[in-house]
Structure formats: structure tokens, C-alpha cells
Amino acid sequence: MRREFSVDGFQARLSTRYIGQRLLYHSSLPSTQDAARQEAESGAPEGTTVLADQQTAGRGRLGRRWVSPAGANLYFSMVLRPDAKNLRSLVMIWPLAIALGVEEATGLRACVKWPNDVLVGSRKLAGVLIESTFSGPGVAYAIPGIGINVNLDASRLGEISDTATSISIELGREASREEVLAAVLGRFEALYEAGRRGEPVHLDWKARLDTIGRHIRVTFGDRVEEGLAEDAEPDGALVLLRPDGSRVRIEAGDVTLRE
Ligand code: BTN
């Protein structure tokens, strides 16, 4: 069933100090990333969130398309102004906040595939895209964009039916988008503030990573590395043990399992 997103219902559940307190809701946008970037450029306060019921040109990591039909899922982007030293931690904090928030709102347990996909089993439930703009040596702003498959039913998965899932597919019942969004933003604010205080946010992210201990292939640009994912470092980099016994540190890429 298609239900309108209720901004009032979301605001009634939101318990954050500033994350998501300014919510700009649109029934349709090409991409929430571009709308949030415009907000950032015009001085929007940190935590400003642009949410769309549907995107006509939703984009994912590595130039991929993000399937964004109406009435089912969450598509949102946020204005953040992190210090340069906290920028990299967003890659870890966001998928962790999504996994914790989804679990809090629905009871569904999700894990993280390095670096920031949220999976249930081997299927993708949510994705994170982080676009940053620099000003001299500092970060002017970062725009994290989050897509969470909430009530997308199996018949509407289309081109992503082999690789994706949704909360409703996993639970066999629909979930409240308002509750999921409020819970995810609550978890994000707590983690973001912990990171700013210098707390080691990577540890909980690492505990949710299902990539460690697996034989994987990582593709980045035109490079491919294969080996055992041995560890993840405090800055989010993956440590891969190659078949020849050497180790390589990988900062970004696309992982596929070899087993
Ligand atoms: C990924 O490839 O896993 C990242 C997907 C990010 C999708 C979200 S949906 C909201 C925001 N707007 C976009 O166009 N993309 C991000």
C-alpha cells in the first residue's frame, strides 16, 4: 500500500537536537543531493535534511543509478559541516546509524558491507553516498545521501531484484518510514557527536562489518585486489592480506565476495 510520508508524524518522533530538525520535504526531485547542495551553498544550518518521496535521477556510488520509486522508501540528503578530521568517519557512522536505527524501529538486524552498504544477508537494504566540497584546506560542507529500501515490495524491485531487499520484504509487513527516519537520525546525531568528542566510533562499525574474515575482491578505479579482509583501521581503511602474504591498505572501493 502507498502511504504519504507524514512530516508531522516524523517530527513527533524525532528526538534530536539539530539533525533533521529542519526537514525540507518534496514529493519529487531529480536527486536530493543537488537540493541539499543548494541549501549548503546558501548557508543552511548543519543537520538540514532534504527528503523526497521519489527521485527521477537518484544516483549511487561509482556513477550508478539509485532506483527511487514513489511511496515506498526513504531518500534523503543532509547538510553537514564537519572538521576535516571528522570527515572520513562519516563513511562509518552513516551505515552504523542506519543499521542501529532500522533495528530500533523495526527489530530487523542488518550488517555493514565495507565500506558503507547496509545488508540483510547478502542483499542490500540501504546505501550511502558522501559528496564533499572543500574550501582551501578545510571542508566547506559534506552532503551525505542515504537511500533506505523500506516498503519496496519484491514485484517492484525490477532491475535490482537479484541484489536488493527491503524492510517489508524481510519482515513480511510494512514499516513506518517516519519511525525509521526518526530512529536513524537519532542514532546518527549520537554517533556524530561522539566522533566530535574524539570517541572511537570505528569500533562499533567494525563490530557490524560482515566483510572481515572473508575472501574478497575489491575493485577501485582500474585496480583490482583480491585476498582476505583481515582488519579495518580507525580511519575506515580495509587491510587486505594478499595470497602472496603481503598486505595492502584500501581506502575506497567496491567489494565482492569470493566464497
Ligand atoms: C550507493 O550507491 O550505495 C549509495 C546510494 C545513495 C542513494 C541516495 S538516495 C538519496 C540521495 N540522493 C541521491 O541521488 N542519492 C542518494
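Cut-offs applied
Residues numbered from 1 in each chain as written. Predicted model: local features only at pLDDT ≥ 70, side-chain atom pairs only at ≥ 80, totals over all residues. Heavy atoms only, no water. Helix = DSSP H or I, 4+ residues; strand = E, 2+ residues; numbered from the N terminus. Rg over C-alpha atoms; globule rule 2.2 N^0.38 Å. Buried < 20%, exposed > 50% of the residue type's maximum accessible area, 1.4 Å probe, protein only. Areas by Shrake-Rupley, 256 points an atom, 1.4 Å probe, with all protein chains shown as cover. Near = heavy atom within 4 Å. Polar contact = N/O pair within 3.5 Å; in protein donor to acceptor, adjacent residues only side chain to side chain. Lys, Arg positive; Asp, Glu negative; His and termini not counted. Salt bridge = Lys/Arg side-chain N within 4 Å of Asp/Glu carboxyl O. Contact = heavy atoms within 4.5 Å. Pairing = 2+ DSSP bridges. Axes fitted to C-alpha atoms, helices over the stretch in contact; angles between N-to-C directions. Core = buried A, V, L, I, M, F, W, Y, C linked by side-chain atoms within 4.5 Å. Expected span 1.5 Å × (residues − 1).

Asks: What exactly am I supposed to notice about the overall build of the chain here?
Replies: If you tally the helices and strands in the chain, you get seven helices and 12 strands. In terms of overall size, the chain behaves like a compact globule, its C-alpha atoms giving a radius of gyration of 18 Å where 259 residues would be expected to give roughly 18 Å. The principal-axis extents of the C-alpha atoms in the chain amount to approximately 55 × 45 × 30 Å. The buried share of the chain, reckoned over its 259 residues, is 54%. With the model as given, the accessible surface of the chain reaches about 11,400 Å², and the carbon-plus-sulfur share is 49%.

Asks: Could you clarify how one ought to interpret the site of the ligand in this entry?
Replies: As a structural note, the neighbourhood of the ligand is formed by 20 residues, with Ser31, Gln55, Arg59, Arg61 and Lys124 the closest of them. Within the contact set of the ligand, a nitrogen atom lies 2.7 Å away from a backbone nitrogen or oxygen of Arg59. Protein chains bury 99% of the 410 Å² of accessible surface belonging to the ligand in isolation. Going through the elements one at a time, helix H2 (32-41), strand S3 (74-78), strand S6 (123-135) and strand S7 (138-148) are the ones with two or more residues in the shell around the ligand.

Asks: Explain the side chain of Lys113 here, please?
Replies: Following the sequence through the fold, Lys113 ends up in strand S4 (residues 111-113). Despite its burial, Lys113 pairs with no opposite charge; the closest candidate is Asp117, at 4.0 Å N-O. Not counting the four nearest positions on each side in its chain, Lys113 is found in contact with Leu119, Leu209, Asp210, Thr211 and Val255.

Asks: Help me understand the sheet that holds strand S2 (residues 49-52), please; the structure alone is not making it clear to me.
Replies: Strand pairing in a sheet is mediated by backbone hydrogen bonds. Such pairs are either parallel or antiparallel. Taken together, seven strands build an open sheet; the order of strands is S1-S2-S3-S7-S6-S5-S4 and the sheet is mixed. Either end of the sheet is taken by a strand with one partner, and the two such strands are strand S1 (23-26) and S4. Averaged over all adjacent pairs, the angle separating strand axes in this sheet is 20°, with direction ignored. Pairing geometry for S4 and strand S5 (residues 117-120), over three bridges, is antiparallel. Looking across to S5, one finds that Cys111 is bridged to Leu119. Of the strands in this sheet, S1, S2, S3, S6 and S7 are in contact with H2, which crosses S7 at around 150°. Relative to S6, helix H4 (residues 90-106) is tilted by about 145°, and along the sheet it contacts S3, S4, S5, S6 and S7.

Asks: Looking at this structure, I do not really get the nonpolar core. What am I missing?
Replies: Burial of nonpolar side chains together is a common tendency in soluble globular proteins. Leu74, Phe76, Trp94, Ile98, Ile148, Leu185 and Phe188 are the most contacted members of the largest nonpolar core, which totals 58 residues. Ile148 has contacts with Asn73, Leu74, Phe76, Ile98, Val102, Leu125, Ala126, Val180 and Val184, leaving out every residue within four places of it along the chain. Formed by 10 residues, the second largest nonpolar core is a distinct cluster that contains Ala35, Ala40, Ala44 and Ile143.

Asks: Help me out: how do you make sense of H4 in this one?
Replies: Structural remark: α-helix, 3.6 residues per turn; residues separated by three or four positions point the same way. Between its first and last C-alpha, H4 extends 24 Å over 17 residues, near the 24 Å set by a 1.5 Å rise per residue. With 12 of its 17 residues buried, H4 lies for the most part within the structure. For H4, the set of buried residues is Leu90, Met92, Ile93, Trp94, Pro95, Leu96, Ala97, Ile98, Ala99, Gly101, Val102 and Thr106. Two residues or fewer after H4 comes Gly107, characterised by a positive phi angle close to 85°.

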